[in-house]
Amino acid sequence: MTNTGIRTEEEGSGPSGYAAARLRLLTEGARSGPPRRAALAELTDEWLAGLFAAGAKDQRGVSLVAVGGYGRGELSPRSDLDLLLLHDGSDTDAVAALADRLWYPVWDLGLALDHSVRTPAEARRTAGEDLKVQLGLLDARHIAGDLGLTASLRTTVLADWRNQAPKRLPELQELCAERAERQGELQYLLEPDLKEARGGLRDATALRAVAASWLADAPREGLAEARRRLLDVRDALHLATGRATDRLSLQEQDQVAAELGLLDADTLLRQVYEAARVISYASDVTWREVGRVLRSRAVRPRLRAMLGGGKPVPERSPLAEGVVEQDGEVVLARAARPDRDPVLPLRAAAAAAQAGLPLSLHAVRRMAAGVRPLPAPWPAEAREQLVTLLGSGRPTVEVWEALEAEGLISSLLPDWERVRCRPQRNAVHVWTVDRHLIETAVRASEFTRRVSRPDLLLVGALLHDIGKGWPGDHSVAGEIITRDVAARIGFDRADVAVLATLVRHHLLLIETATRRDLEDPATVRAVADAVGSQSTLELLHALTEADALATGPAAWSSWRGSLVADLVKRVAAVLAGDAAEEPETAAPTAEQERLALEAFRTAGPVLALRAQAEPPAEEPTGAPEPLGVELLIAVPDQRGVLPAAAGVLAMHRLTVRTAELRALDLPDGVDGSVLLLNWRVAAEYGSLPQAARLRADLVRALDGSLDVAGRLAERDAAYPRRRGVVAPPPRVTVAPAASHSATVIEVRAQDAPGLLFRIGRALEDAGVRVRSAHASTLGANAVDAFYVTGPDGAPLPGEEAASVARKLEEMLRG
């Protein structure tokens, strides 16, 4: 078939007139963005309606329908025209002739055309078989012809979509997931596909389809603006390239930025990333809501039958103070008061990440709208919750993004704004600066067993590239920023100095190991001088590996790792000094002596619970301020005190933040010794138990009438704790030459209820005597040191010490 007659008939007033008007519209500077897209759609509608009127002998029973992007009125300069010629089947020859008169002029102008000719029944059947066809029909818009035919199809398609939503929405979600796996995440790609990548225009269309199902709806704040921004960028891309492309290539970004009136390509990418982040987050929330609704529909009939027709009450499980789990999400407790609890956002985020659960949209928005700002410096609990969040591994990412979507991160850490969505034009990097920082913290969480201060490692990971938002050397700028941020977070001066060193020198080990002669003593000495201490070297080694692993697959290898390890070994040898002795303990206070004498006199435990304010943040204590209240326990020296006391506290749901145990010699004239336990504890949630009740249970635990292990096992069986975090395995080591008078066993593990009880019982079972203990909880990590001796009071022989450590580690892993 030829189309010569058709072209001649429509020449002048048809294609050429449309082409000229289209060219003027696309080249005039007065219109851009939504007005230009709407005008282009309107102009195209008028042209196609004219073609339709000229070619249709009778417009009854036939109509021209725009579908897909054209149906939404989103015509970019090089967009396809998605058209459906709908007919009632009464005159197929006339419909075929009409189709020719419509399609050929479009092709003659070089416009891409996606067309079909169907009856309503055929359209409905095809939609049922092909999800993409059904999605296109959801945006069907009448152009010309029989309006009733178009309206009937729209009504039918929408009804089918809503009726079939429980089946089709999971299919759509799977399509979105497959596309994301194939195309990557728009918010991180240097050459993103604006349409197909996750967080792109396809996902925005999918959210419209979900809303049309009436099953769930996307969070609308910012969504329309994000979609508009991506469409504007695609318009500029089409005009800059003259091609129908959705791929924002590097060589075209400057031209696209200029077309949009933006400063440069980085500004362009940042706007694209911000839009993609809004759409991605809306998609996460929406698909989670779809899943919740579908699960609810599936179980509701059974629940109604079990409850006799009553309405089921959602189960709420406490996770932390003011935070509960409900229906697979973390929500605020009914009694939570964000306006009176500035730590609540961090506590909720840490609880969610530790449980491996998403934060509910409503909870995040409620906190964003009503929470009080944290004081400066932060209270110790806020810092601990931040560390717990950062140390939660992969779940940290989703929780962090939820906080960031509602502006909570920038509120907590104002310096974050400069790195948010900032691109990195380096082929090695696979993430934006902000996501790279979070990825580094995720990687660092795997190395918390390698360092004595996991809190400093995790915060150093979060801040190591914070200077990339400023001009000049980002390590130098980052050091300055880190000093301010770390002090604001509430670290003391010694810890601020360590964090500043980590940020300033986070590239030192990898650059020295790969570019310098390690046989030159001056090279090693320079690194040692920059690092300053063994503990900082330990942190810097872990941060170096975490940073490289979070950068991308090309940034780390076994070869690079071996070079860095060799350098660290050489620097450690330079930094090594005399063996450290057991930390000196302060002389007992008057209250401690009073409690010790009372315990000796009564031959039983004596307890004192008292609240104590945190020391000032600038006080150079060398360690974070402990949390909670001080608990003093004095017990006549005997076996089993440590596991008994720790077990009783775990029974009462008290979290041990710091713990010290030591033997206290009584004053002259009193023959005997007392064990003094000076602990800092906090309630998991709710209020603290009374000291008298704790003492009564401790008495029973010490005389064997209270089965602490059994009680803890029963509670765990009745209320199993959700553990979403796959924590690094515990690590138990013997610290060589750490003390001349005792063997020092170091334990690094994930904090958990009853952990100190299990460790104490294992040491008791091993037949060793705990002369002193120093335990601390840093975020979700327990870092404990136990100074133990044999029954004769002497340090353990080397092989026996190694055996005790090995058995303790096996117990903790099991």
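About the criteria used
- Residues numbered from 1 in each chain as written.
- Predicted model: local features only at pLDDT ≥ 70, side-chain atom pairs only at ≥ 80, totals over all residues.
- Heavy atoms only, no water.
- Helix = DSSP H or I, 4+ residues; strand = E, 2+ residues; numbered from the N terminus.
- Buried < 20%, exposed > 50% of the residue type's maximum accessible area, 1.4 Å probe, protein only.
- Contact = heavy atoms within 4.5 Å.
- Areas by Shrake-Rupley, 256 points an atom, 1.4 Å probe, with all protein chains shown as cover.
- Lys, Arg positive; Asp, Glu negative; His and termini not counted.
- Charge placed at Lys NZ, Arg CZ, Asp CG, Glu CD.
- Pairing = 2+ DSSP bridges.
- Axes fitted to C-alpha atoms, helices over the stretch in contact; angles between N-to-C directions.
- Core = buried A, V, L, I, M, F, W, Y, C linked by side-chain atoms within 4.5 Å.
- pLDDT = per-residue confidence, 0-100.
- Left-handed = near helix turned anticlockwise from the far one by under 90°.
- Polar contact = N/O pair within 3.5 Å; in protein donor to acceptor, adjacent residues only side chain to side chain.
- Phe/Tyr/Trp six-rings, centres within 6.5 Å; stacked < 30°, edge-to-face > 60°.
- Salt bridge = Lys/Arg side-chain N within 4 Å of Asp/Glu carboxyl O.

A. Highlighting the overall build of the protein. Looking only at helices and strands, the protein features 31 helices and 15 strands. For the protein, the spread of C-alpha atoms along the principal axes amounts to about 120 × 80 × 45 Å. When the 814 residues of the protein are sorted by exposure, 53% land in the buried category. Partitioning the intrachain contacts of the protein with sequence separation of at least 6 by distance along the chain shows that 72% fall at a separation of at least 24. When the accessible area of the protein is evaluated, it comes to approximately 35,600 Å², of which 51% is carbon and sulfur surface. Once the 98 positive and 113 negative side-chain charges of the protein are each reduced to a mean point, those two points are 4 Å apart.

B. A look at the sheet that holds strand E5 (residues 316-320). Judged by pairing direction, the sheet is antiparallel, and its three strands sit side by side in the order E5-E6-E7 without closing on themselves. Sheet topology places E5 and strand E7 (329-332) at the edges, where each strand pairs with a single neighbour. With strand direction ignored, the average angle separating the axes of adjacent strands in the sheet is 40°. In this structure, E5 lies alongside strand E6 (residues 323-326), joined through four bridges in antiparallel fashion.

C. Fine view of the nonpolar core. Core analysis: the largest hydrophobic core is formed by 89 residues, its most contacted members being Leu 359, Trp 378, Trp 400, Leu 413 and Trp 416. A per-element tally of this core places helix H13 (residues 344-355) first, with nine residues. Once residues lying within four places of it in the same chain are set aside, the contact partners of Trp 416 are Trp 400, Glu 404, Ile 409, Asp 434, Leu 437, Ile 438, Leu 462 and Ile 466. Counting 51 residues, the second largest nonpolar core, distinct from the first, contains Leu 649, Leu 654, Phe 757 and Ala 773.

D. View of the side chain of Glu 252. Along the polypeptide, Glu 252 turns up in helix H11 (residues 250-259). If we ignore the near neighbours within four places in the chain, the residues touching Glu 252 are Leu 237, Thr 241, Arg 243 and Arg 247.

E. Layout of the pairing of strand E13 (residues 743-750). For E13, the buried fraction is high: seven of the eight residues fall into the buried class. Two strands pair when backbone bridges link them, and strand E12 (residues 731-734) and E13 are joined in this way by four bridges, in the antiparallel orientation. Looking across to E13, one finds that Arg 731 is bridged to Arg 748. Where E13 lies against strand E15 (residues 781-789), eight bridges are found, and the strand directions are antiparallel. For Val 744, the partnering residue across the bridge sits in E15 and is Tyr 787.

F. Spotlight on the confidence of the model for the protein. Within the protein, residue pLDDT values average 89, and 91% of them lie at 70 or more. Scored below 50 in pLDDT, residues 1-13 makes 15 contacts in the model with residues more than four places away or belonging to other chains. Here residues 613-625 is a poorly scored stretch, pLDDT under 50, and it has 33 contacts once near neighbours within four places are set aside; other chains count.

G. Here's a closer look at the sheet that holds strand E3 (residues 113-118). One open sheet holds the four strands; their spatial order is E3-E2-E1-E4, and the pairing between them is mixed. Either end of the sheet is taken by a strand with one partner, and the two such strands are E3 and strand E4 (141-145). Adjacent strand axes in the sheet meet at a mean angle of 25°, parallel and antiparallel pairs treated alike. Relative to E4, strand E1 (residues 62-66) runs antiparallel, the two being bridged by four bridges. Considered in E4, the bridge of Ala 66 is made with Arg 141. Contacts between helix H3 (residues 33-55) and the sheet are confined to E1, strand E2 (81-87) and E4, with E4 contributing the most and set at about 35° to the helix. The sheet strands contacting helix H6 (residues 120-129) are E2 and E3, and the helix crosses E3 at an angle near 120°.

H. How the structure looks around unusual backbone geometry. With an omega dihedral of 0°, the bond running from Ala 376 to Pro 377 counts as a cis peptide bond. Tracing the backbone shows Pro 377 in the loop between helix H14 (361-370) and helix H15 (380-390). Positive phi, normally seen in glycine, also occurs at Trp 214, with a value near 65°. A relative accessible area of 66% means that Trp 214 is categorised as exposed.

I. Layout of the environment of Pro 219. One can find Pro 219 in the loop between helix H9 (201-213) and helix H10 (223-241). Distance from Pro 219 to Ser 283, taken between C-alpha atoms, is 8.8 Å for residues 64 residues apart in sequence. Sequence-distant contacts of Pro 219, defined by excluding residues within four places in its chain, comprise Ala 282, Val 285, Thr 286, Leu 361 and Arg 365.

J. Representation of the packing of helix H16 (residues 395-405) against helix H18 (residues 433-444) within the structure. Here H16 crosses H18 at 145°, and the two axes come no closer than 10 Å. For the element pair H16 and H18, the recorded crossing hand is right-handed. Here Thr 396, Val 397, Trp 400, Glu 401 and Glu 404 of H16 come into contact with H18, specifically with Asp 434, Arg 435, Ile 438, Glu 439 and Val 442.

K. Summary view of the environment of Thr 44. Secondary-structure assignment places Thr 44 in helix H3. Classification of Thr 44 by relative accessible area gives buried; the value is 0%. In this structure the C-alpha to C-alpha distance between Thr 44 and Leu 676, which are 632 residues apart in sequence, comes to 86 Å. Discounting residues that sit within four places of it in the chain, Thr 44 has contacts with Tyr 18, Arg 22, Tyr 70, Leu 75 and Leu 81. A polar contact is formed between the side chain of Thr 44 and the backbone oxygen of Leu 40, at a distance of 2.7 Å.

L. Representation of the packing of aromatic side chains. Tallied over the full model, the rule gives four aromatic pairs. Seen in terms of ring centroids, Tyr 188 and Trp 431 are 4.9 Å apart; in terms of plane orientation they differ by 85°. Their pairing is edge-to-face. Taken as a pair, Tyr 188 in the loop between helix H8 (147-183) and H9 and Trp 431 in the loop between helix H17 (408-412) and H18 lie far apart in primary sequence, 243 residues in all. Classification of Tyr 188 by relative accessible area gives buried; the value is 6%.

M. Broad picture of the pattern of salt bridges. Following the criterion strictly, the structure yields 55 salt bridges and no others. Residue Asp 58 is joined to Arg 60 by a salt bridge in which the shortest nitrogen-to-oxygen separation is 3.0 Å. Across the pair Glu 598 and Arg 601 runs a salt bridge, and its minimum N-O distance is 2.6 Å. Here Glu 598 pairs with Arg 601, and both are found in helix H26 (residues 590-602), just three residues apart, close to one helical turn. On the basis of relative accessibility, which here comes to 30%, the residue Glu 598 falls in the partly exposed class. What you see here is one network of salt bridges that share partners, running through Arg 37, Glu 225, Arg 228, Arg 229, Asp 232, Asp 235, Glu 274, Glu 417 and Arg 420.

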